[in-house]
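Here are the chains, one letter per residue:
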Amino acid sequence: MIVVFGAYTPLRDFFFALGLAAFVVEAWAFIDAIRRPGQAFVATGKQTKQLWLIILGVAAVVGLYGAAYGVGPVSILPVAAFVAAAIYLADVRPKVKEFRNNGAGTSSGPYGPW
């Protein structure tokens, strides 16, 4: 895209903000996946933690590249990266978040914590 006397500046700024917001979502999904226990992924019937870390790590790198170099939303890679992060946040995260590792170093009694 050739910029002549500031042409396309509002549109370029909008796509930059959109790419930056997508990168924030992708980074948030990656950091959240790091913090969750590996057993939770298998116990809830989702893919393994390692696979999700690879998917979300690649998504975060693609999102950072897209935001830094102004790759617009017409490119398939930034869209696929955002979709991967959205699937994790909408489907996997709620299930993994509910997982409780019963009896592993917690001070819980038979009727709750004490």
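These numbers come from a predicted model, not from an experiment.

K.L.:
Please explain the packing of helix H1 (residues 9-35) against helix H4 (residues 76-98) as it appears in this structure.
P.N.:
Two quantities define a packed helix pair, namely the angle between the helix axes and the distance between the axes. Interaxial distance between H1 and H4 falls to 9 Å at its minimum, and their mutual angle equals 45°. Classified by the angle their axes make, H1 and H4 are oblique. In the packing of H1 onto H4, the handedness of the crossing is left-handed. Across the interface between the two elements, Ala22, Val25, Glu26, Trp28, Ala29, Asp32 and Ala33 of H1 pack against Pro78, Ala81, Phe82, Ala85, Tyr88, Leu89 and Arg93 of H4. Of the residues in the contact of H1 with H4, the class split is 11 nonpolar, no polar and 3 charged.

K.L.:
What am I meant to see in the side chain of aspartate 32 here?
P.N.:
When you line up the elements, aspartate 32 lands in helix H1. On the basis of relative accessible area, aspartate 32 is assigned to the buried category, the value being 3%. When neighbours within four sequence positions are excluded, aspartate 32 is seen to be in contact with Tyr88 and Arg93.

K.L.:
Explain a nonpolar patch on the surface here, please?
P.N.:
A cluster of nonpolar side chains, Tyr8, Leu11, Phe14, Phe15 and Leu18, forms an exposed patch at the surface whose accessible area comes to about 490 Å². Along the chain, tyrosine 8 falls in the segment before H1.

K.L.:
Looking at this structure, how should I read the nonpolar core?
P.N.:
Looking at soluble globular proteins, one finds that nonpolar side chains tend to be buried together. Of all hydrophobic cores here, the largest spans 11 residues; its members are Ala29, Ala33, Ala40, Phe41, Trp52, Leu56, Ala85, Tyr88, Leu89, Val92 and Val96. Elements with a minimum of two residues in this core: H1, helix H2 (38-43), helix H3 (49-69) and H4. The leading source of residues in this core is H4, at 5 residues. If near-sequence neighbours (up to four positions away) are discounted, alanine 29 is found in contact with Leu56, Ala85, Tyr88 and Leu89.

K.L.:
What exactly am I supposed to notice about the environment of tryptophan 52 here?
P.N.:
Along the chain, tryptophan 52 falls in helix H3. The sequence separation of tryptophan 52 and phenylalanine 30 amounts to 22 residues, and the corresponding C-alpha distance is 8.3 Å. Beyond its immediate stretch of four places on either side in the chain, tryptophan 52 contacts Phe41, Lys46, Gln47, Ala84, Ile87, Tyr88 and Val92.

K.L.:
Would you mind going over the packing of aromatic side chains with me for this structure?
P.N.:
Each aromatic ring pair is characterised by the separation of its centres together with the angle its planes make. In the structure shown here, the tally under the stated rule is 3 aromatic pairs. For the pair tyrosine 65 and tyrosine 69, a centre-to-centre distance of 4.9 Å together with 45° between the ring planes defines the contact as tilted. Of this pair, tyrosine 65 and tyrosine 69 both sit in helix H3, separated by 4 residues, roughly a single helical turn. The exposure class assigned to tyrosine 65 is partly exposed, which follows from its relative accessible area of 49%. Classification of tyrosine 69 by relative accessible area gives exposed; the value is 62%.

K.L.:
Sorry if this is basic, but what is going on with the environment of arginine 12 here?
P.N.:
Tracing the backbone shows arginine 12 in helix H1. Arginine 12 gets classed as partly exposed once you look at its relative accessible area, which sits at 35%. C-alpha separation for the pair arginine 12 and valine 71, spaced 59 residues apart in sequence, amounts to 9.9 Å.

What counts as what
- Residues numbered from 1 in each chain as written.
- Predicted model: local features only at pLDDT ≥ 70, side-chain atom pairs only at ≥ 80, totals over all residues.
- Heavy atoms only, no water.
- Axes fitted to C-alpha atoms, helices over the stretch in contact; angles between N-to-C directions.
- Helix = DSSP H or I, 4+ residues; strand = E, 2+ residues; numbered from the N terminus.
- Parallel < 35°, antiparallel > 145°, perpendicular 65-115°, else oblique.
- Left-handed = near helix turned anticlockwise from the far one by under 90°.
- Contact = heavy atoms within 4.5 Å.
- Nonpolar A, V, L, I, M, F, W, Y, C, P; charged D, E, K, R; others polar.
- Buried < 20%, exposed > 50% of the residue type's maximum accessible area, 1.4 Å probe, protein only.
- Patch = residues over 30% accessible without salt bridge, like charges linked within 9 Å, V, L, I, M, F, W, Y side chains within 5 Å.
- Areas by Shrake-Rupley, 256 points an atom, 1.4 Å probe, with all protein chains shown as cover.
- Salt bridge = Lys/Arg side-chain N within 4 Å of Asp/Glu carboxyl O.
- Core = buried A, V, L, I, M, F, W, Y, C linked by side-chain atoms within 4.5 Å.
- Phe/Tyr/Trp six-rings, centres within 6.5 Å; stacked < 30°, edge-to-face > 60°.

Any functional reading would require information that these geometric values do not contain.
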